[in-house]
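Next come the chains, spelled out residue by residue.
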Amino acid sequence: MNTAGHSEATERRGLELTPFRGLRYDPDRVGSLAAVTSPPYDVVVRPDGLLHLESADPHNIVRLILPQAATPDARNEQAARTLRRWRAEGVLTADPEPGLYVYEQRDGDGLVQRGLIGALRVSDPDERVVLPHEDVMPHVVADRAALMRATRANFEPLLLTYRGGTGAVSGLIDTTAERPPLLATTTEDGFGHRLWQLTDPGDLARVRSELARHQALIADGHHRWATYRRLRAEHPSPGPWDYGLVLLVDTVRYPLRVRAIHRLLHDLPVDAAVTAVKDRFRVRRLDAGTSLPAALDVLAGAARQGNAFLLAGDGAFHLVDRPDPGLLARTVPADRPEAWRTLDATVLHATLLPHVWHVPDDSAAHVSYIHDTAATVEKAERDGGTAVLMHPVREEVVRELARQGVTMPRKSTSFGPKPASGLVLRALDL
């Protein structure tokens, strides 16, 4: 075999988004479509957010993506039983023919995001077709893999971006959005959601041809992508495990919002965190009564000059910035690009957590990752821990590091808006 020629052919494959028979809620069998949706599994703030979703409707998708039982095996078997029952009862029904799905999200501030939901060929990292930008936690991958094995389903599309611009796909998405949708609903966060199905063979061929020239960046769903890769390796090929459910968004047409993911340090009180960091960083307590938005503005200003963090949890905000260069030189690995070495997440996970605060970052017992800023502060104040508020990384930095094959520390970014879970599912037996 000509391995060089084989490698070049593999690299040229690009994105392969294939049609599937979507599994969707029957609107007549649930209270409302909005009531059965959920944010992605890792955005749900447990347990209060979980209980809220469970009580919204007895068929809320959270009962599949975050089943509750005494053991992991029991949770996964419960999700599998629930899925089988809902399908048998007609709560979830399969579309009659395979297709791709145009998905639109719209908020009250004028943001519109549209993309394509389909089953994407799972590729290896050396193909450079799907670019990760963050590390993953093995125990989370194991948890998601066990759930998918038990249910034989992809419940949530992960979010991928590519740089398309004008072309057949853009035009097709826009003309499709002028038609009556399969479903339309508004969730409690104020976002409107609409979904259409593409089944015309000519349309599907145009999408296939254009996407084959592109690579994608994982915006949200690194653990689910790693799960897809693990499950593909476990099962015979070709087969349904060769593909995973994704939403693909062209960020030339629809730029994503990039937000930070904050950290909650459970066993570290704020006074201890501040004491430990003094003489290694500059620490400033913000004026009493400073609001959260005002504190984030201060953080944004400091972040323009270098590494900066906000600590909270004791009723005040503490700005931590201007790290000691010698400390960074001793603790941050030097074998990575400068753009990686100077990331706030790098400094947090390479310097602050292991060397200053002595907090392990590989267990939820020590560190939680929370998307909602106010919720992070509230939990820190309630539990006596420390909220570490982060400033978001620019998308171009993320994409450039991904192109270089450099992954950022886990949970470094939050791209959005994220697709709602529960609008269309993929069962592997369809």
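Not measured: the values here are computed from a predicted model. (Residues numbered from 1 in each chain as written. Predicted model: local features only at pLDDT ≥ 70, side-chain atom pairs only at ≥ 80, totals over all residues. Heavy atoms only, no water.)

Visitor: What's the story with helix α15 (residues 395–403) in this structure? I'm lost.
Guide: Because the α-helix completes a turn every 3.6 residues, residues three or four places apart line up on one side. Those residues of α15 that sit buried are Glu395, Val397, Val398, Arg399, Leu401 and Ala402. Tucked inside the fold, the buried residues of α15 contact β6 (130–131), β8 (158–162), β11 (216–220), β13 (257–259), α12 (338–341) and β20 (414–416). Following α15 by one or two positions, Gly405 has its phi on the positive side, about 80°. (Buried < 20%, exposed > 50% of the residue type's maximum accessible area, 1.4 Å probe, protein only. Helix = DSSP H or I, 4+ residues; strand = E, 2+ residues; numbered from the N terminus. Contact = heavy atoms within 4.5 Å.)

Visitor: Help me understand the pairing of β11, please; the structure alone is not making it clear to me.
Guide: Counting buried residues along β11, 5 of its 5 residues qualify, which places the element largely inside the surrounding structure. Looking at chain direction, β6 and β11 are connected through 2 bridges and run parallel. Its bridge partner being in β11, Leu131 is matched across the sheet by Leu217. Relative to β11, β8 runs antiparallel, the two being bridged by 3 bridges. From the neighbouring strand, Leu160 faces β11, where its bridge partner is Ile218. (Pairing = 2+ DSSP bridges.)

Visitor: Is there a simple way to think about unusual backbone geometry in this case?
Guide: With the exception of glycine, the majority of residues adopt a negative phi angle, and the majority of peptide bonds are in the trans configuration. Of note, the bond from Ser237 into Pro238 is cis; its omega dihedral lies within 30 degrees of zero at 5°. Inspection of the secondary structure puts Pro238 in the loop between α8 (222–234) and β12 (243–250). In this model, Gly416 is joined to Pro417 through a cis peptide bond whose omega is 5°. One can find Pro417 in the loop between β20 and β21 (426–427).

Visitor: Mind showing me how you'd approach the nonpolar core here?
Guide: It is characteristic of soluble globular proteins that their nonpolar side chains tend to be buried jointly. If you look at the biggest cluster of nonpolar residues, it comprises 114 residues, and the most contacted ones within it are Leu15, Tyr25, Ile117, Leu160 and Trp357. For this core, the leading source of residues is helix α13 (residues 344–356), giving 7 residues. Apart from residues no more than four positions distant in its own chain, Trp357 is found in contact with Leu265, Leu268, Ala273, Ala276, Val277, Leu311, Leu348, Leu352 and Val388. (Core = buried A, V, L, I, M, F, W, Y, C linked by side-chain atoms within 4.5 Å.)

Visitor: Just checking my understanding: could you explain the pattern of salt bridges for this structure?
Guide: A side chain with one charge may pair with a side chain of the opposite charge, provided their charged atoms come close. Per the counting criterion, the structure on display carries 25 salt bridges. Glu16 is the partner of Arg121 in a salt bridge, and the nearest nitrogen-oxygen pair spans 3.2 Å. Of this pair, Arg121 sits in strand β5 (residues 112–121) while Glu16 sits in the loop between α1 (3–11) and β1 (17–18), and the two are 105 residues apart along the sequence. When the shortest N-O distance is used, the salt bridge between Arg232 and Asp124 registers 2.4 Å. On the criterion of sequence distance, the pair formed by Arg232 in helix α8 and Asp124 in the loop between β5 and β6 is long-range, its members being 108 residues apart. In this structure Asp124 comes out as partly exposed when scored by relative accessible area, which is 28%. (Salt bridge = Lys/Arg side-chain N within 4 Å of Asp/Glu carboxyl O.)

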